[in-house]
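Given next are the chains, with one letter for each unit.
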Amino acid sequence: MGTAGKVIKCKAAVLWELKKPFSIEEIEVAPPKVKEVRIKILATGICRTDDHVIKGAMVSKFPVIVGHEAAGVVESIGEGVTTVKPGDKVIPLFLPQCRECNACRNPDGNLCIRSDVTGRGVLADGTTRFTCKGKPVYHFMNTSTFTEYTVVDESSVAKIDDSAPPEKVCLIGCGFSTGYGAAIKTGKVKPGSTCVVFGLGGVGLSVIMGCKSAGASRIIGIDLNKDKFEKAMAVGATDCISPKDYTKPISEVLSEMTGNTVGYSFEVIGRLDTMIDALASCHMNYGTSVVVGAPPSAKMLTYDPMLLFTGRTWKGCVFGGWKSRDEVPKLVTDFLAKKFDLDQLITHVLPFKKINEGFELLYSGQSIRTILTF
């Protein structure tokens with residue numbers, strides 16, 4: 001492309017400080033350095049994790065370009081890049097896969113050492129590729145997709161099938177894969193089992209889809225917002241309940257509903273109290289509870305160790321347990337083979353410039369996933 005090796009001027013949604021709306025700015029995006037890839041973003045999803053930065057629940061440097069769930073096309077590559085080339089359709093990966101660290105080399109691991117969970121906001125060489133009004137602008141989770149162009153490390157990008165629709169498969173970059181994998185890969189849901197899902201947002205619905213795909217016979221969705229029930233039933237929930245309708249603890253309600261047979265529970269909210277509720281809700285001896293929702297930073301949890309002593313398993317999962325570069329392309333292929341339907345999760349599609357409107361839909365609970373297109 002004619003822009004290779006040059007600085008690109010483009011539009012991006014910049015967060016200048018905490019608790020302020022996005023500002024659409026003209027930014028400069030530097031060319032990719034060694035082992036880096038510059039991507040033209042085609043579609044990006046609005047995820048609750050992006051909001052954590054706005055609210056300060058997640059550590060970040062400012063100014064910053066957030067966004068981490070996207071699909072795009074490679075514009076140019078830096079020296080030494082071998083896994084993608086200009087023109088390739090790709091998904092940027094907030095969870096990299098360097099293929100060299102302990103987690104990458106272990107068959108059960110996926111939390112690559114290159115993940116930016118602490119909010120460093122820079123690429124592997126310690127610098128940023130974005131500038132705005134003469135100031136450096138920081139990256140977010142190795143991705144930064146709320147911009148027309150971004151630069152990522154080669155370990156943070158997966159080449160996908162060229163026929164994949166970007167405005168749908170962008171969800172495989174975060175929300176869908178996180179929920180679906182929590183059921184299939186981390187929880188390892190068995191056919192005929194009973195599952196409970198706390199939180200019926202986009203990721204919670206993806207957990208339900210995973211439980212259904214794994215052959216669960218009963219899937220109970222739990223949310224305070226009953227407007228979410230219809231969609232949960234449409235993707236595979238067999239029952240939906242609201243804790244507000246009961247005076248007794250939700251774990252007791254579920255035990256009575258199921259004859260004490262809940263094999264798997266999933267917390268897809270990121271609240272400390274619901275993490276304990278989810279743990280207490282699975283069978284005291286053979287139950288598995290998976291923490292899927294990102295917990296608030298710097299908060300401690302107190303629980304009764306008897307909950308675990310009786311035999312329960314309590315697990316965490318990042319990005320559904322998938323090894324990102326290896327498995328994102330396979331998930332895209334599965335989508336194209338109609339093994340799952342992403343349309344169920346997409347409630348709104350807006351032009352990129354309406355990003356603040358997209359976040360309002362998230363706050364009001366009206367949207368499951370809003371996709372921004374460029």
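So, here's what we can say about the structure. (Residues numbered from 1 in each chain as written. Predicted model: local features only at pLDDT ≥ 70, side-chain atom pairs only at ≥ 80, totals over all residues. Heavy atoms only, no water.)

1. Some points on the packing of helix α7 (residues 250-258) against helix α8 (residues 272-281)
One way to put it is that α7 packs onto α8 with a least axis distance of 8 Å and a crossing angle of 30 degrees. The orientation of α7 relative to α8 falls into the category roughly parallel. Judged by the sense of rotation from one axis to the other, the crossing of α7 with α8 is right-handed. Two secondary-structure elements touch here, α7 through Ile-250, Ser-251 and Leu-254 and α8 through Asp-277, Ala-280 and Ser-281. (Axes fitted to C-alpha atoms, helices over the stretch in contact; angles between N-to-C directions. Helix = DSSP H or I, 4+ residues; strand = E, 2+ residues; numbered from the N terminus. Parallel < 35°, antiparallel > 145°, perpendicular 65-115°, else oblique. Left-handed = near helix turned anticlockwise from the far one by under 90°. Contact = heavy atoms within 4.5 Å.)

2. Observations regarding the sheet that holds strand β7 (residues 135-137)
With respect to topology, four strands assemble into an open sheet ordered β1-β2-β6-β7, the strand pairing being antiparallel. Each edge of the open sheet is held by one strand with a lone partner, namely β1 (8-14) and β7. Each strand axis lies, on average, 45 degrees off the axis of its neighbour in the sheet, ignoring direction. The pairing of strand β2 (residues 23-29) with strand β6 (residues 130-132) spans two bridges and is classified as antiparallel. Looking at β6, one finds that Glu-28 is bridged to Thr-131. (Pairing = 2+ DSSP bridges.)

3. A word on the side chain of Thr-194
On the secondary structure map, Thr-194 appears in strand β10 (residues 194-198). Residue contacts for Thr-194: discarding those within four places in its chain leaves Arg-218, Thr-258, Thr-261, Val-262, Gly-263 and Tyr-264.

4. Some points on the nonpolar core
Formed by 87 residues in total, the largest nonpolar core has its most connected members in Phe-146, Ile-172 and Phe-266. Considering every element that reaches this core, the biggest residue donor is helix α5 (residues 202-213), with six residues. For this core, the domains that each give at least three residues are domain 1 (176-294 + 303-320) and domain 2 (342-373). The next biggest cluster of nonpolar side chains, apart from the first, holds eleven residues, and it includes Phe-198, Ile-250, Val-253 and Val-262. (Core = buried A, V, L, I, M, F, W, Y, C linked by side-chain atoms within 4.5 Å. Buried < 20%, exposed > 50% of the residue type's maximum accessible area, 1.4 Å probe, protein only. Domains from an automatic or database assignment.)

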